[in-house]
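Take a look at the letters that make up each chain.
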Amino acid sequence: MTIMISKNKTIRLTFFALALLAVLFAAGCANQQNVNLEPPLHTPENTLKEGVEYAVDVYDPLEGMNRRLYTFNYYFDKFIFLPVVYTYEFITPDFLEEMVSNFVDNVFEFNNLTNNLLQGKVNETGITLARFLVNTTIGIGGIFDPATSSGLERQTEDFGQTLGYWGVGNGPYIVLPILGPSNLRDTTGIVTDAVAFSLAGPPAWVDDDDITLAFNITTAIDKRHRQSFRYYRTGSPFEYEMIRMLYTSKRKIEIDR
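Predicted, not measured: the structure shown is a model, and the values here were computed from it. In this convention, every chain numbers its residues from 1, walking through the sequence in written order. A pLDDT threshold of at least 70 governs which residues receive local features in this predicted model, and a stricter bar of 80 or more applies before side-chain atom pairs are shown or counted, although totals over entire chains, interfaces and linings include all residues. Each side-chain value is worked out from all heavy atoms of the structure, with water and hydrogens disregarded.

A. Just the overall build of the chain, in detail. Check the secondary structure of the chain and you find twelve helices and two strands. Strands are runs of DSSP state E lasting at least two residues, helices are runs of H or I lasting at least four, and both sets are numbered from the N terminus onward. Starting at the N terminus and walking to the C terminus, you meet the elements of the chain as α-α-α-α-α-α-α-α-β-β-α-α-α-α. In the chain, which comprises 257 residues, the share counted as buried stands at 38%. Total accessible area on the chain stands at roughly 15400 Å², and carbon and sulfur atoms take up 66% of it. Exposure categories follow from relative accessible area, calculated using a 1.4 Å probe and restricted to protein chains: below 20% of the type maximum is buried, above 50% is exposed, and the middle band is partly exposed. Method for areas: the Shrake-Rupley scheme with a 1.4 Å probe, in which residue coverage is limited to the protein chains shown.

B. Looking closely at the confidence of the model for the chain. A residue's pLDDT is the predictor's confidence in that residue, given on a scale from 0 to 100. The predicted model of the chain averages 85 in pLDDT, with 78% of residues at 70 or higher. Within the model, the stretch residues 1–44 combines pLDDT values under 50 with 45 contacts to residues more than four positions away or in other chains. Here, residues are in contact when the closest pair of their heavy atoms is within 4.5 Å.

C. Expanded view of the nonpolar core. With 14 residues, the main nonpolar core has V104, F108, F197, F215 and I221 as its most contacted residues. Looking at this core, the elements that each hand over two or more residues are α3 (63–91), α4 (94–107) and α11 (209–226). Definition of nonpolar core: a set of buried residues of the types Ala, Val, Leu, Ile, Met, Phe, Trp, Tyr and Cys, connected through side-chain atoms within 4.5 Å. Judged by nonpolar contacts, the second largest core, of ten residues, contains V58, Y70, Y231 and Y240.

D. Main features of the pairing of strand β2 (residues 180–183). Direction of pairing for strand β1 (residues 173–176) relative to β2: antiparallel, over a ladder of four bridges. Opposite V175, over in β2, you have P181 as the bridge partner. Between β1 and β2, which pair antiparallel in sequence order, lie three residues; one of them, I178, sits at a positive phi of approximately 70°. If DSSP finds at least two bridges between two strands, the strands pair.

E. Structural context of the packing of aromatic side chains. Centres within 6.5 Å are what make two rings of Phe, Tyr or Trp a pair, Trp counting through its six-membered ring; a difference in plane orientation under 30 degrees is then read as stacked, over 60 as edge-to-face, and the rest as tilted. With the rule as written, the count across this model stands at 17 aromatic pairs. Centroid distance Y165 to W166: 5.0 Å. Interplanar angle 90°. Geometry classified as edge-to-face. The class of Y165 is partly exposed, set by a relative accessible area of 36%. Residue class for W166 comes out exposed when judged on its relative accessible area of 58%. One aromatic cluster is present, formed by Y70, Y74, Y75, F79, Y173, F229, Y231, Y232 and Y240 through successive ring pairs. Cation placement over rings: the criterion is NZ of Lys or CZ of Arg within 6 Å of the ring centroid and within 35° of the ring normal. Of note, K223 hangs over the ring of F108, and the distance from its end group to the ring centre comes to 4.5 Å.

Structure representation (structure tokens):
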């Protein structure tokens, strides 16, 4: 009986996720016209001159695969992810979007707390705990952010930064499907944070698969909504190299601060 209930619940969750994405995708596509299925005209592949050596500052032994994944992410972002995000932005008032962002940030204070603690940052750990308590109570479950207004700035940390803090190197550069630029260390961090969050964080406290699924979908949409980057909008044929360098530099700054 327990196996049957678990199986039915899994099927129901899968159907719910697919149905929700299908509805949002359809609505987003309805807002797009003159969709261009052609890839960008100017890319490094058709611009670099044969026989000319270009400086490589980031260890990228998987460059061939990474470039293909970068192109895949472009198409996924353009035809699936962004239409969903645009639909969300169209139907959601600005003040509600801000509340959603505040709520998501407050829930993920769990990751900030654990990683500040793992790095031995006592002051930042205290600030993060205070932020969570203030925003969860006075901020009505985190939909408002009175902590920042009170001078308690968000102390953002993840396990990739924790590994870097303790001297773990970047490893090879990796482009992850959908998630985008990363490296071996940060990919390990993403997996570790996700497992810790699901097993010991808020999803474990709630212990409701439907609520967890809805939160994960909302989080994905909210994070893309707040990210202004658009593939192949830089005007540079060396966008792949530029993003690779910017990501590596950004992570170094975040670890060194």
